Amino acid sequence: MVIPQQPIGAPTEHENATAVLLLGALSVFCCGALGPVAWALGRRALNDIEASGGAYGGRVQVMVGYVLGIIGTIFMVIFGILFLLMAISGKA
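Everything in this summary refers to the structure shown in the same document. In this text the structure is predicted, and so the values were computed from the model without any measurement. Along each chain, the written sequence defines residue order, and numbers are assigned to residues from 1. Since the coordinates come from a predicted model, pLDDT governs what is reported: local features require at least 70, and pairs of side-chain atoms require 80 or more to be given and counted, while whole-chain, interface and lining totals use all residues. With hydrogens and water excluded, all non-hydrogen atoms of the structure serve as input to the side-chain values.

**What to know about a nonpolar patch on the surface**
Side chains of Met63, Val67, Ile71, Ile74, Phe75, Met76, Val77, Ile78, Phe79, Ile81, Leu82 and Leu85 sit close together on the surface and give an oily, nonpolar patch of about 1000 Å² of accessible area. The cut-offs for exposure are 20% and 50% of the maximum accessible area for each residue type, with area from a 1.4 Å probe on protein chains only; residues under the lower value are buried, those over the upper are exposed, and the others partly exposed. Overall, the relative accessible area of 32% leaves Ile71 in the partly exposed class. Note that patches include only residues with greater than 30% relative accessible area and no salt bridge, and the join distances are 9 Å for like charges and 5 Å for nonpolar side chains (Val, Leu, Ile, Met, Phe, Trp, Tyr). Areas reported here follow the Shrake-Rupley algorithm with a probe of radius 1.4 Å; residue values treat only the protein chains shown as occluding. The working definition used for a salt bridge is a side-chain nitrogen of Lys or Arg within 4 Å of a carboxyl oxygen of Asp or Glu.

Take a look at the structure:
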């Protein structure tokens, strides 16, 4: 059975898959400011993977980095609010 417009062979990994995963992990464990970068880069990579029709792989890596970027951004916002509250109260 031949599937039309299906790429032949294994799909190549998207060029930003590893970068998104690394930025997402660093945003959670190290630097929350990398969260929005991982989030935006991950969304762009996911759109590219969907539009490629199977030519690009690495969807799992991009998805994990994307979710970690969202979590890192949420942590950054929460810690920023807590810092501001402590600074306003003067008990830091």
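Next comes the rest of the write-up.
**A few points about the nonpolar core**
Only buried residues count toward a nonpolar core, which is a set of Ala, Val, Leu, Ile, Met, Phe, Trp, Tyr and Cys residues joined through side-chain atoms within 4.5 Å. Counting six residues, the largest nonpolar core is built from Ala17, Ala45, Leu46, Ile49, Val62 and Tyr66. The set of elements that each furnish at least two residues to this core consists of helix H2 (35-52) and helix H3 (59-89). Segments assigned H or I by DSSP are reported as helices when at least four residues long, segments assigned E as strands when at least two residues long, and all are numbered from the N terminus. Top contributing element to this core by residue count: H2, with three residues. Whether two residues are in contact is decided by their heavy atoms: any pair within 4.5 Å suffices. When sequence neighbours within four positions are dropped, the list of residues in contact with Ala45 reads His14 and Val62.

**A few points about the packing of aromatic side chains**
Centres within 6.5 Å make a pair out of two Phe, Tyr or Trp rings, where for Trp the six-membered ring is used; the pair is then stacked when the planes are under 30 degrees apart, edge-to-face when over 60, and tilted otherwise. Tallying each qualifying case throughout the model produces one aromatic pair. Residues Phe75 and Phe79 carry aromatic rings whose centres are separated by 6.3 Å and whose planes lie at 40° to one another, so their mutual orientation is tilted. One end of the pair is Phe75 and the other is Phe79, both in helix H3 and four residues apart, which spans about a single turn. According to the relative accessible area criterion, Phe79 is exposed, its value standing at 56%.

**Considering the side chain of Ser27**
Within the secondary structure, Ser27 sits in helix H1 (residues 17-29). The definition of a polar contact used here is a pair of N or O atoms within 3.5 Å, where within protein one atom must be able to donate a hydrogen and the other to accept one, and adjacent residues in sequence count solely through side-chain atom pairs. In terms of polar contacts, Ser27 uses its side chain to reach the backbone carbonyl oxygen of Leu68, at 3.3 Å. Setting aside residues no more than four positions away along its own chain, Ser27 makes contact with Gly32, Leu34, Gly35, Leu68, Gly69 and Gly72.

**Examining H2**
A helix is expected to span 1.5 Å for every residue after the first. Between its first and last C-alpha, H2 extends 25 Å over 18 residues, near the 26 Å set by a 1.5 Å rise per residue. All buried positions along H2 are accounted for by Gly35, Ala38, Gly42, Ala45, Leu46 and Ile49. Summarising the axial view, the buried residues of H2 lie within an arc of 105°, below the 170-degree limit, and thus occupy one face. Facing away from the buried side of H2 by more than 90 degrees, the exposed set consists of Arg44 and Ala51. Contacts from the buried residues of H2 go to H1, strand S2 (56-57) and H3. Directly after H2, the chain includes Gly53, whose backbone phi takes a positive value near 70°. The arc in question is the one spanned by the directions pointing from the helix axis to the C-beta atoms.

**So, the environment of Ile49**
With respect to the helices, strands and loops of the structure, Ile49 is situated in helix H2. In the structure, Ile49 is positioned 36 residues away from Glu13 in sequence and 9.2 Å away in space, judged by C-alpha atoms. In this structure, Ile49 is in contact with His14, Gly54, Tyr56, Gly57, Gly58, Arg59 and Val62, ignoring residues within four places of it in sequence.

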